[in-house]
Structures are given as structure tokens and as C-alpha cells.
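Summary of the model geometry
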Amino acid sequence: MTVTIHSIFNSILWGGLMALALSALSRSRWFLCRFGATPLVVLTAAALARCCLPVELQVTKEVGAATLNRLHKLIDRAAGSPTPETWFFEVWLAGTVMGLALWLPKYAVRLWAARNIPTTDDDRIQRFCRKHGISGLRVAFTPRVFTPCVIGLWRETILLPDTSYTHKQLDFILRHEYAHVKHHDGLLDFALRLICILFWWNPSVLICRAVAVRLCDHYGENYSASSSSTRKSSET
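Bear in mind that the values here come from a model prediction, so they are computed numbers and not experimental data.

Bringing the layout of surface pockets into the picture now. Considering only enclosed or pocket space, the largest pocket measures out at about 710 Å³ in volume. As for the largest pocket, its lining consists of 28 residues, of which C149, V150, I151, D189 and R193 are closest to the centre. Counting residues per element, the ones that place at least two in the lining of the largest pocket are α6 (86-116), β2 (149-151), α8 (167-182), α9 (185-198) and α10 (204-235). No other element matches α9, which puts 6 residues into the lining of the largest pocket.

This part takes up the sheet that holds strand β1 (residues 138-142). Taken together, the 3 strands give an open sheet; going across it, the order is β1-β3-β2, and neighbouring strands pair in mixed fashion. Both outer strands of the open sheet, β1 and β2, are each paired with one neighbouring strand and no more. The mean angle between the axes of side-by-side strands here comes to 30 degrees, regardless of whether they run parallel or antiparallel. By the bridge criterion, 3 bridges tie β2 to strand β3 (residues 157-161) in an arrangement that is antiparallel. Counterpart to C149 in the pairing with β3 is L159.

Our focus in this paragraph is the packing of α6 against α9. Between α6 and α9, the shortest axis-to-axis distance is 8 Å and the interhelical angle comes to 150 degrees. Our classification of the angle between α6 and α9 gives roughly antiparallel. For the pair formed by α6 and α9, the contact residues are W92, T96, G99, L100, W103, L104 and Y107 on the first element and F190, R193, L194, I197 and L198 on the second. For the contact of α6 with α9, the residue count by class is 9 nonpolar, 2 polar and 1 charged.

With that settled, consider the side chain of S23. In this structure, S23 sits in helix α1 (residues 5-26). Residue classification places S23 among the buried residues on the basis of a relative accessible area of 12%. Setting aside anything within four residues of it in sequence, one finds S23 in contact with I207, V211 and R214.

Another aspect to go through is the packing of α1 against helix α3 (residues 38-52). As a packed pair, α1 and α3 sit with axes 8 Å apart at the nearest point and diverge in direction by 160 degrees. With respect to α3, the axis of α1 lies roughly antiparallel. In terms of crossing hand, the pair formed by α1 and α3 is left-handed. Residue-level contacts link N10, S11, W14, G15, M18, L22, L25 and S26 of α1 to L40, L43, T44, A46, A47, R50 and C51 of α3. For the contact of α1 with α3, a count of residues per class yields 9 nonpolar, 5 polar and 1 charged.

Here we come to the nonpolar core. Core analysis: the largest hydrophobic core is formed by 22 residues, its most contacted members being L40, L48, F199, V205, C208 and L215. Contributing elements (two or more residues each) for this core: α1, α2 (29-35), α3, α6, α9 and α10. Not counting residues up to four positions away in its chain, the partners in contact with L48 are L192, I195, V205 and C208. Residues F128, I134, L160 and V181 belong to the second largest nonpolar core, which totals 15 residues.

What counts and how
- Residues numbered from 1 in each chain as written.
- Predicted model: local features only at pLDDT ≥ 70, side-chain atom pairs only at ≥ 80, totals over all residues.
- Heavy atoms only, no water.
- 1 Å grid on protein atoms, 1.4 Å probe; cavity = no way out; pocket = protein on both sides within 12 Å on 5 of 7 lines; lining within 4 Å.
- Points joined across faces, edges and corners; volume = space filled by probe spheres on them.
- Helix = DSSP H or I, 4+ residues; strand = E, 2+ residues; numbered from the N terminus.
- Pairing = 2+ DSSP bridges.
- Axes fitted to C-alpha atoms, helices over the stretch in contact; angles between N-to-C directions.
- Parallel < 35°, antiparallel > 145°, perpendicular 65-115°, else oblique.
- Contact = heavy atoms within 4.5 Å.
- Nonpolar A, V, L, I, M, F, W, Y, C, P; charged D, E, K, R; others polar.
- Buried < 20%, exposed > 50% of the residue type's maximum accessible area, 1.4 Å probe, protein only.
- Left-handed = near helix turned anticlockwise from the far one by under 90°.
- Core = buried A, V, L, I, M, F, W, Y, C linked by side-chain atoms within 4.5 Å.

As C-alpha cells, this is what we get:
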């Protein structure tokens, strides 16, 4: 396996086409209701792997030469040598280091600040935990956020805007955000952001990350709906 100009362009092209198709399917309520989100999760992982593996096998070179692949000919004429020069990897490394320097310290500061925010002792939170058999759930009200969110890698904290909520609103928000905590979506988001920085030259990874975030929200909505229906059936 080797990294070539052909493999890099193919990674961007085919990974991008897969990501765009998955983005369209993830927005389709009909597809999600009929087939569920699991097939899209598997395909998104495959698309992300295609985007992050700009390698070429010897057999693909032979097939491309035998079929007179026009894309390979076009790249040959545009790039000259099919093998990337040393400066290409230097630019790749420089972009990665710059991306990490701009993102990682800010993320670490937000993570540390979230850990130091005192958790709430609201009775409604305690009743929610007892009703769903949850222990150790960290919930904090803070004016630093404008929408409910989850931050953390493994021991996540649910951050809620410091405003008043009705019992029904708070219950729905907690069920949705707890689904993210239960599936450790904070760790997934960290990994996806890291991949986006490492492969900054391939815009397809950004589309794959957007699809993954949308699917996580879909799982959260399903968990909220199923919990609500279970509670209503038990009350009946």
C-alpha cells in the first residue's frame, strides 16, 4: 500500500460522494423510520474510513492502467509524478499541528471549566434519576450556554441554560441529553473533531462528522420518545 496523488484524489472523490449521499439519507425521515439509523451508522463509518485511508494497492494501479482510467490520466497530466513530493507531507503536518494548536487548548479549557461548575441539587433532577434508575448523573445550570448540551469525554456533564423550566420541559430535555451521556457521544465527538483536524485537507470528513452528529440526535429523540411512551403505558 502506498500514498499517491491518485489515492489522495480518489479518497476525496469517492469519500465525498459517499458522504453527500449519506447526508441526504440522514435528513430523510422516511428512510430513518423505515430502515432505522443503524445502516447509516455502518455506512458512515465506511465513508469515514475511505476518507481517512488515502492509500493505493498495487492491484488498483494495474486495473487503472488496464482500463485507461480517465481520472488517472487527468491527474497524471496535472500533477506530473503520481507520487507526492516531500513538501506535500510537510504541508499536511503543518496544517495538522496548526489545527491542534487552535482547537485543543480551547477544548481543554472548556472541559476544565465544565468540571468545576457546581452540579445542581434541584429536586426534579433527583426525581428524574430515581425514576429512570440513574446514578451519578451530573447536571449543571449555567449562563455560559444558550442551549442544552453535553461536555466531557467519559464522565460527561449535562449543561443547561440558567432559566426556568416546566416539569415537562425539563423531563424531555433530560431524557434527550441523557441519551447522549448513555452512548458517550462526548467521546465520539472528540474523536471526530480530532479526525477532522488530522485530515483537514479532505472536506468529506466534515460531512461525515455532520452526519454522525445528526444520527446521535436521532438516537436521542428516539430514546426520549420511547421513554415517554413507556412512562405513559406504565401509568395507564
